[in-house]
Amino acid sequence: STGHWTYRGLRTHRPSRQRANMSTPCAAPCMSASTRTDVFQRRSRAAGDLTPRQPVNVVGRRSASRARTPVPPGRGGRALRGTVNATNTELDDGQIEGIEGYGAISTKPATPLLDTINYPVHLKNLTIDQLQQVCKELRADLIYKVSQTGGHLGSSLGVIELTVALNFVFDQPEDRIIWDVGHQAYPHKMLTGRRERMNSMRQDDGLSPFTKRSESPFDCFGAGHSSTSISAGLGMAVARDMQGKSNHVIAVIGDGAITGGMAYEAMNNAGYLDTNMIIVLNDNQQVSLPTQYNGLNQDPVGAISSTFARLQSSKPLRELRESAKAMTKQMPVQVQEVTAKVDEYARGMISGSGSTLFEELGLYYIGTVDGHNLPDLVAILQEVKSTRSVGPVLIHIVTEKGRGYSYAESAQDKYHGVSTFDVASGKQNKSKAGVASYSQFFVDALIGEASQDESIVAIHAAMGGGTGLNYFEKFFADRTFDVGIAEQHAVTFAAGLAVEGLKPMCTIYSTFLQRGFDQVVHDVALQNLPVRFAMDRAGLVGEDGPTHAGAYDVTYMACLPNMVVMAPMNEAELCHMVATSLAIDDGPSCFRYPRGPGVGVDLEKEGVVLAQPGYRGKVLEVGKGRVLQEGTDVCLLGYGVCVNRCLEAAEMLRERGISVTVADARFCKPLDTVLIRQLAKNHGALITVEDGSIGGFASHVLQFLALDGLLDGNLKVRPMTLPDVNIEHGSNAKQLMECGLSSAHIASTALSIMGQKKEALQMLVMPMSVK
């Protein structure tokens, strides 16, 4: 047959990664170096044929240029999946036998067993073999569904077996399962009554791409930002104990999210409180864990590791340790110290060499466990569930991101979040070539400036792909710093760089910079250090919804003394503001820019130099806005990309005979008070427009107008901001209409302020094509 795609099914035991330094004694019994096989390359290796794994950035995610290279055919490994086969006389490794239509390029795979599973309770009476079949069908259905809608594919494919095992062993929603971030929660949604709605994911009025309490009782805690699950789980566990309940609490956290300091704060507190809860560490080998279970020091993840993990989780061993600990607490301190050390060494004999990190935090460590070995996962979870012991348990599982879909396995960075794609070829359906994204214009401008100034450095928090700094790294690898999911550290790290005379560009999504606000205040603004903040994804973010919306940055940055706050109306202005921020060397500065493509202006005409490489903008006069068109009746004062909708609204009003002035503020702080005073005196009505929360640009304008006495006369002012509600995910056009910031709403507000109430209403009911 032709045009078929296949995916790899489960293995009872996966081969394990070899140590780089075989002369170092193993802390636990190890396989012979000559017989081990590489976990992810899937090829046998002799001791002398160990190819080092690609390095990673500090603690952050692997950059695109450093992704794993798939094993080529004919070198001891399997051929890359997803190719078109001329003939197919037998089933490929892992292809499901007996499921009609499975593997077809565009047809939905048949899932007869999965079709009987609507909620976790329907898994309870299945055998292990049937559960494995559910995993296979769930993986096939997930690949198909995400190919139709786009979304977070790789991380969800990596937790299929874990999700099935958790739902088989525990009893949701009474038992609380918290998924950190939520990228990997698609299988969870499919098994908890939402499978038929998966085609609405990230769509208007559809399913949220993250866990959401209002969406389902099975989503016990909302997510979107990382490293929160252990803290939330600990709170639930403590509340359970205080209320005399007996349900279980499980927090699932990835190796990326556990780089966030909040996770360690929570584990430290969990160990101190000694509260009974379960933490599942999903290690998909993409981050340098401080315990060094990945990279070249990977401990066994095969049969021997499986045996030890089962032993660690065994009820008699854990209860024996609990009894022993209770007895030793009654003994002299010296005896307690000796017994604790003996216990540590005994645990070391059956644990990974880095397990003492978690043990020192007060967690009982079990690992490493093959996260795709369903029988092992079920056995270990059942043992942990049934053991009568007190205290937090951490189960360290190793998974493969993108498991089961060859294209996602071999290019994990590109398949973390995907657009719609063709299953057979793996090719994603990108939007038609047009204007580049604001993120791309930003990084091109930063490259242009950095090529002329060696003191410029770039920092991001595990978001090299999203911010575009992976591209910057190709030119300036030694000046690019990925600090992991650690926004607080990123800000203060940048402050330290600034102290020594470098020019740090701290590039963080607006929504994530919220996590580092205290550091912005205390470590940057208070010391007046010249750190530059590039705040990507400002304003509304469409399908990603309220968890990722950049609604608050103007409010929380403009309230800080010494901070220069800017926003460009288009990509040319963004290039200018990159140059301006780097020229400001006597204090901190920031600028915001949205998700999505630029406007499409002529860069050279707007004063941007097309450098080789990158772009170079011009340095703007700080605190100076500009008038884009003159009018007499009403003034629209826009901030950021909202200026473009002000221009559209002005055209609508011109057609009704109303003369409109449109001004681009450029700066929220310092305000161009000369310009605003002029606009206020020359117009009877002034409307400010911004895509930020209440308390932002409009508040600063109104503060000035009030103090300057400009509100004492006949001037009418209307601020247009994001409403004081969360804007749910959906198309950008729908979000703008919902929050009242479309060009039609701006024009309608102008008509209303001028007393034309009927015409204002008519403007809002015009067909969308006219707006």
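To keep things clear, this report deals only with the structure shown in the data block.

Parameters and conventions
Residues numbered from 1 in each chain as written. Predicted model: local features only at pLDDT ≥ 70, side-chain atom pairs only at ≥ 80, totals over all residues. Heavy atoms only, no water. Helix = DSSP H or I, 4+ residues; strand = E, 2+ residues; numbered from the N terminus. Buried < 20%, exposed > 50% of the residue type's maximum accessible area, 1.4 Å probe, protein only. Contact = heavy atoms within 4.5 Å. Areas by Shrake-Rupley, 256 points an atom, 1.4 Å probe, with all protein chains shown as cover. Pairing = 2+ DSSP bridges. Axes fitted to C-alpha atoms, helices over the stretch in contact; angles between N-to-C directions. Core = buried A, V, L, I, M, F, W, Y, C linked by side-chain atoms within 4.5 Å. Salt bridge = Lys/Arg side-chain N within 4 Å of Asp/Glu carboxyl O. Phe/Tyr/Trp six-rings, centres within 6.5 Å; stacked < 30°, edge-to-face > 60°.

Section: the overall build of the protein
- In terms of helices and strands, the protein carries 26 helices and 21 strands.
- Buried residues in the protein amount to 57% of all 771 residues.
- Residue pairs at least 24 apart in sequence account for 76% of intrachain contacts in the protein once pairs closer than 6 positions are excluded.
- Surface exposure of the protein reaches about 30500 Å², of which carbon and sulfur atoms provide 53%.

Overview of the sheet that holds strand β13 (residues 589-592)
- The sheet built from 7 strands is open, its strands ordered β9-β8-β10-β11-β13-β12-β19 with mixed pairing. Of all the strands in the sheet, the pair left with one neighbour each is β9 (480-482) and β19 (667-669). Put simply, the sheet's adjacent strands are angled 20° from each other on average, direction ignored.
- In the sheet, strand β8 (residues 456-460) pairs with β9 via 3 bridges, with the strands oriented parallel.

Here's the deal with the nonpolar core
- The biggest cluster of nonpolar side chains holds 54 residues, and the ones touching the most others in it are Leu-166, Ile-395 and Tyr-405.
- Among all residues touching Ile-395, those that are not within four sequence positions of it are Ile-278, Ile-279, Val-280, Leu-281, Ile-366, Val-369, Ile-380, Leu-381 and Val-384.

Considering the pattern of salt bridges
- Under the criterion given, the structure shown has 27 salt bridges.
- In this structure, Lys-189 engages Glu-215 in a salt bridge whose closest nitrogen and oxygen atoms are separated by 2.6 Å. With Lys-189 in helix α4 (residues 186-194) and Glu-215 in the loop between α4 and α5 (229-242), this pair connects stretches of sequence that are 26 residues apart.
- Linking Asp-585 and Arg-532 is a salt bridge whose minimum nitrogen-to-oxygen distance equals 3.1 Å. With Asp-585 in the loop between α20 (571-583) and β13 and Arg-532 in strand β11 (residues 532-536), this pair connects stretches of sequence that are 53 residues apart.

Focus on the packing of aromatic side chains
- Tallying each qualifying case throughout the model produces 15 aromatic pairs.
- With a centroid separation of 5.4 Å and 25° between ring planes, the pair formed by Phe-442 and Tyr-593 is classed as stacked. Highlighted residues: Phe-442 in helix α13 (residues 438-450) and Tyr-593 in the loop between β13 and β14 (609-610), separated in sequence by 151 residues.
- Using a relative accessible area of 1% as the deciding quantity, one classes Tyr-593 as buried.
- Here Phe-481 and Phe-493 contribute two aromatic rings whose centre-to-centre distance is 5.4 Å and whose plane-to-plane angle is 70°, an arrangement assigned as edge-to-face. Taken together, the positions of Phe-481 in strand β9 and Phe-493 in helix α16 (residues 487-499) put the pair 12 residues apart, joining distant regions of the chain.

Section: helix α3 (residues 160-169)
- In terms of burial, α3 is a largely internal element, 10 of the 10 residues being buried.
- Here α3 has its buried residues at Ile-160, Glu-161, Leu-162, Thr-163, Val-164, Ala-165, Leu-166, Asn-167, Phe-168 and Val-169.

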